Amino acid sequence: MVAQGRPPSPCVLCPVIRREGFIIFEVSRVIGDIHPFEVGGRRFLLSVTTGALVEVDEEAWDLVQRLKDGEDVAGHPCLAELAELVAEGVFSQGEEELWIRTAREARGRSVVKALCLNVAHSCNMRCRYCFAAEGTYRGERAVMSREVGRRAVDFLIEASGARRNLEIDFFGGEPLLNMAVVREVVDYARARGEETGKRFRFTLTTNGLLLDEETTRYLAENMDNVVLSLDGRPEVNDRMRPLPDGSGSYDRVVDRLLSLIRRRGDRSYYVRGTFTRHNLDFAADVLHLSSLGFKNISVEPAIGSGRDWSLREEDLPRVLREYEELAVEMASRGGDFEFFHFQIDLERGPCLGKRLKGCGAGTEYLAVTPAGELYPCHQFVGEAEFLLGDVFDGIHRMDLVRKFSDADLYQKRGCPDCPVRFYCGGGCYANAYARHGDITHPDELGCALHRRRVECALYLQAALRERG
Amino acid sequence: MSKNGSHFKVLFRPKAETFRGGCGECQTSCQSACKTSCTVGNQSCER
Ligand code: SF4
Ligand code: SF4
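Since the structure is predicted, the reported quantities are computational estimates derived from the model, not experimental observations.

> Please provide a residue-by-residue account of the overall build of chain B, values included.
Looking only at helices and strands, one finds one helix and one strand in chain B. Burial statistics for chain B: of 47 residues in total, 55% are counted as buried. Summing over all exposed atoms, chain B offers an accessible surface of approximately 2,000 Å²; the carbon and sulfur share of this is 49%.

Below, the structure is given as structure tokens:
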């Protein structure tokens, strides 16, 4: 009914306009769920909550931009089609409320499932960007004893509840400086696993300098995964990864690392490099590692600020461009190697738990020092206020564990509105703490990198799927 | 793009159960791959 004395509003009377008004209302409701991005000259829309990926042409891109800007889109040629996708649930914000409840219910319920054993706080290299201060974590040089190693295994079994699959990561410093304890822990964990029904998965991170024939064979046969440190091109590697006498390490390690992965056959490994502001063209290092024959590559930004090598805000555009160029190059090669950050599995996960929480530092994953002290993860080792307890008497800072447990993405600054939140889970606590002194305040620079990496990963998936 | 006049091409649409599921048995920290400051939140289900 039209109110007396007032001219009838045309949209109330005209069914076509009324229907269009309804469509605009419906698509506007979900516009916050749509994350538009461009990679390699192609335009995509990611549904933040459903995970759907849609490629669009220029006109559709224009529609989405205008909706985001709150502009009038009446009569836009792509409106009806977008409305159809919304009606089909391709874009929707429907389920996030349920997930927020799930995240809340999961708080405080996790058990420990992985330990990082710092078997040696000592190193035979002098990497300039080392967050562990040449392996010592700003303390004394030390190696883990057999007793601490065995007790760490017992602690993990006791703290893991009903969880069957457990992880032990040998780290340092340089863990090959303490191979006797690595072997002891592997044997002991396997024996205890038999008794308790737990299954252990072992990873070891090494710079490769001490890889002789026997150690290579042992690691090839006994580690489920190895992480091998090498930065890329020889000059890039040697600038940041010198030996104690100042000479470069590239020539000393590269053949040893290659020989280890050849011995491993199909078993997992990562060659893991670090890039700094001295090699913002790090895609060249990734490609160099690939040209050496490495198939699983991870090259990460160096952690830290205020040093000649640390990344700065002004480097960001260059780094983001570099990720894009790398993704385009990988697409053109048909994906002949894996880059850790561009690996995204659209079919089989990640599961909701990972999406809401990301890494399990401080709750599911703890680091153990040579003396047996427990910290929330390898990057917190040596930070006195994060000392949680030890493997002999267990955790005495449950308040801290709770703090980590509660810190899912809905508790973190900026994360609830972040377009890649379900491919992140709230980022790195250690980075957040290093940047802002607060584990719930993510490092914005790291977030910008992560967002671009997710976009590049989605682009790469799209490109590789087309090639079959 | 515009196959049959379409402006949008749906490349991928996850099954809802894939997105929701999760047994909690998997690795979640950065320890076994990148080792610094990234989660494995983008990685696949291991089990
Ligand atoms: S990228 Fe940053 S803002 Fe986004 S979810 Fe991850 S930590 Fe949070
Ligand atoms: S807090 Fe950061 S460094 Fe530590 S396990 Fe999590 S992602 Fe890795």
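Right, picking up where we left off after that structure.
> Quick rundown of the domain arrangement of chain A? Include the residues and the values.
Residue and element names in this part refer to chain A. Here the domain parsing of chain A yields domain 1 (17–93) and domain 2 (111–461). A separation of 38 Å is found between the C-alpha centroids of domain 1 and domain 2. The interface of domain 1 with domain 2 comprises 13 residues on the first partner and 12 residues on the second. Summing both sides of the interface, domain 1 and domain 2 together bury roughly 1,100 Å²; the carbon and sulfur share of this comes to 72%.

> Which residues make up the packing of aromatic side chains, and what values go with them?
To describe a pair of aromatic rings, you give the distance between the ring centres and the angle between the ring planes. All names here are of chain A. The tally for this structure, following the rule as stated, stands at 19 aromatic pairs over all chains. Judged by centre distance (3.9 Å) and plane angle (10 degrees), the ring pair of Phe275 and Phe282 falls under stacked. The same class applies to Phe275 as to Phe282, namely buried. Here the aromatic cluster, defined as three or more aromatic residues joined through ring pairs, consists of Phe275, Phe282, Tyr323, Phe339 and Phe342. Here the guanidinium or amino end of Arg183 rests over the ring plane of Tyr218, the centre of that ring lying 4.3 Å away.

> If you had to explain the sheet that holds strand 1 (residues 34–39) of chain A to someone new, which residues and values would you point to?
Taking strand neighbours across the sheet as the criterion, the four strands line up as 1(A)-2(A)-3(A)-1(B) in an open arrangement whose pairing is antiparallel. With one partner strand each, in any of the chains shown, strand 1 of chain A together with strand 1 (8–12) of chain B form the two edges of the open sheet. Taking the axes of each pair of neighbouring strands and ignoring which way they run, one obtains an average angle of 30 degrees across the sheet. Two strands pair when backbone bridges link them, and strand 2 (residues 42–47) of chain A and strand 3 (residues 53–56) of chain A are joined in this way by four bridges, in the antiparallel orientation. Its bridge partner lying in strand 3 of chain A, Phe44 of chain A is registered against Glu55 of chain A.

> Summarise the side chain of Thr216 of chain A; cite the residues concerned and give the values.
Residues and elements named next belong to chain A. Tracing the backbone through its elements, the reader meets Thr216 in helix 8 (residues 213–222). Reaching out from Thr216, the side chain makes a polar contact with the backbone oxygen of Asp212 at a distance of 2.7 Å. Non-local contacts of Thr216, meaning those with residues more than four positions away in its chain, are made with Leu211, Ser259, Leu260 and Arg263.

Cut-off values and rules
Residues numbered from 1 in each chain as written. Chains lettered and ligands numbered in written order. Predicted model: local features only at pLDDT ≥ 70, side-chain atom pairs only at ≥ 80, totals over all residues. Heavy atoms only, no water. Helix = DSSP H or I, 4+ residues; strand = E, 2+ residues; numbered from the N terminus. Buried < 20%, exposed > 50% of the residue type's maximum accessible area, 1.4 Å probe, protein only. Areas by Shrake-Rupley, 256 points an atom, 1.4 Å probe, with all protein chains shown as cover. Domains from an automatic or database assignment. Contact = heavy atoms within 4.5 Å. Buried area = accessible area lost by both parts, 1.4 Å probe. Phe/Tyr/Trp six-rings, centres within 6.5 Å; stacked < 30°, edge-to-face > 60°. Lys NZ or Arg CZ within 6 Å of the ring centre and 35° of its normal. Pairing = 2+ DSSP bridges. Axes fitted to C-alpha atoms, helices over the stretch in contact; angles between N-to-C directions. Polar contact = N/O pair within 3.5 Å; in protein donor to acceptor, adjacent residues only side chain to side chain.

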